[in-house]
Amino acid sequence: MSTKIDFEIFAEIDLNLTVICLIVYKEQDLARAALKLGVSRLFILEALEDLRTHFGYPLFETIDYSIQPTVNGSKVLQFLMPLANVIEPILGP
């Protein structure tokens, strides 16, 4: 079974941003996500801004001192989480 894939769409976004998105979701804290990735909190904020620009809406919001996905962010994460679970064994040892 062959599925036509539009590979040009992958050139429109840095896929590392999706990894940042997943880690922010897991950590629910920008500082912890930054520490986990070995980058600054500002880097995380800029990455989330890049994702907001790409999708046209924010993926996260601050609720009670915690970073939570927005309604639209939850929809994006519903697709990203299973993809991460498929890709992880391919990239892992």
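Everything that follows concerns the structure shown earlier in this document.
Just so we're clear, the structure is a prediction, and the values are computed from it rather than from any experiment.

Okay, the overall build of the protein next. A tally of regular secondary structure across the protein gives four helices and two strands. Reading the protein from its N terminus to its C terminus gives the helix and strand order α-α-α-β-β-α. Considered along the principal axes of its C-alpha atoms, the protein spans approximately 45 × 35 × 20 Å. A burial count over the protein gives 28% of its 93 residues as buried.

A full pass over the atoms with the stated rule returns four salt bridges. The salt bridge involving E27 is made with R32; its shortest N-O contact spans 3.5 Å. Taking the relative accessible area as the measure of exposure, E27 reaches 14% and is therefore buried. We note a salt bridge from K36 to E27, for which the minimum N-O separation is 3.6 Å. Here the salt bridges share partners, and the residues they tie into one network are K26, E27, R32 and K36.

Grouped together as the largest cluster of nonpolar side chains are 20 residues, with contacts concentrated most on C21, V24, I44, L48, L51 and F60. Looking at this core, the elements with two or more residues in it are α1 (16-27), α2 (30-37), α3 (41-55) and α4 (71-91). With six residues, α1 is the single largest residue contributor to this core. Contacts of F60, omitting those with residues within four sequence positions, involve C21, V24, Y25, L48, I67, Q68, P69, T70 and L77.

Moving on: unusual backbone geometry. Phi at D64 is positive, roughly 50°, even though this residue is not glycine. Here D64 lies in the loop between β1 (60-63) and β2 (66-69). Here Y65, not a glycine, exhibits a phi torsion of approximately 65°, which is positive. Structurally, the position occupied by Y65 is in the loop between β1 and β2. By relative accessible area, Y65 is classed as exposed at 83%.

With that out of the way, let us pick up the pairing of β2. Residues in a regular strand point their side chains to alternate faces of the sheet. Where β1 lies against β2, four bridges are found, and the strand directions are antiparallel. Paired with F60 across the strands is P69, a residue of β2. Connecting β1 to the antiparallel partner β2 that follows it, the hairpin turn spans two residues, and D64 within it adopts a positive phi of roughly 50°.

Calculation notes
- Residue numbers restart at each chain and count upward from 1, following the sequence in its written direction.
- The model is predicted, so local features are restricted to residues of pLDDT at least 70 and side-chain atom pairs to those at 80 or more, both for listing and for counting; the totals for chains, interfaces and linings are taken over all residues.
- Note that the side-chain values use all heavy atoms of the structure and ignore hydrogens as well as water.
- Numbering of helices and strands starts at the N terminus; helices are DSSP runs of H or I of at least 4 residues and strands are runs of E of at least 2.
- Any residue under 20% of the maximum accessible area for its type is buried, any over 50% is exposed, and the rest in between are partly exposed; the area is computed with a 1.4 Å probe on protein chains only.
- Think of a salt bridge as a Lys or Arg side-chain nitrogen and an Asp or Glu carboxyl oxygen that are within 4 Å of each other.
- Nonpolar core, defined: a set of buried Ala, Val, Leu, Ile, Met, Phe, Trp, Tyr and Cys residues in which side-chain atoms within 4.5 Å join the residues together.
- Contact between two residues is taken to exist if any of their heavy atoms lie within 4.5 Å; hydrogens are not considered.
- Two strands are said to pair when DSSP picks up at least two bridges between them.

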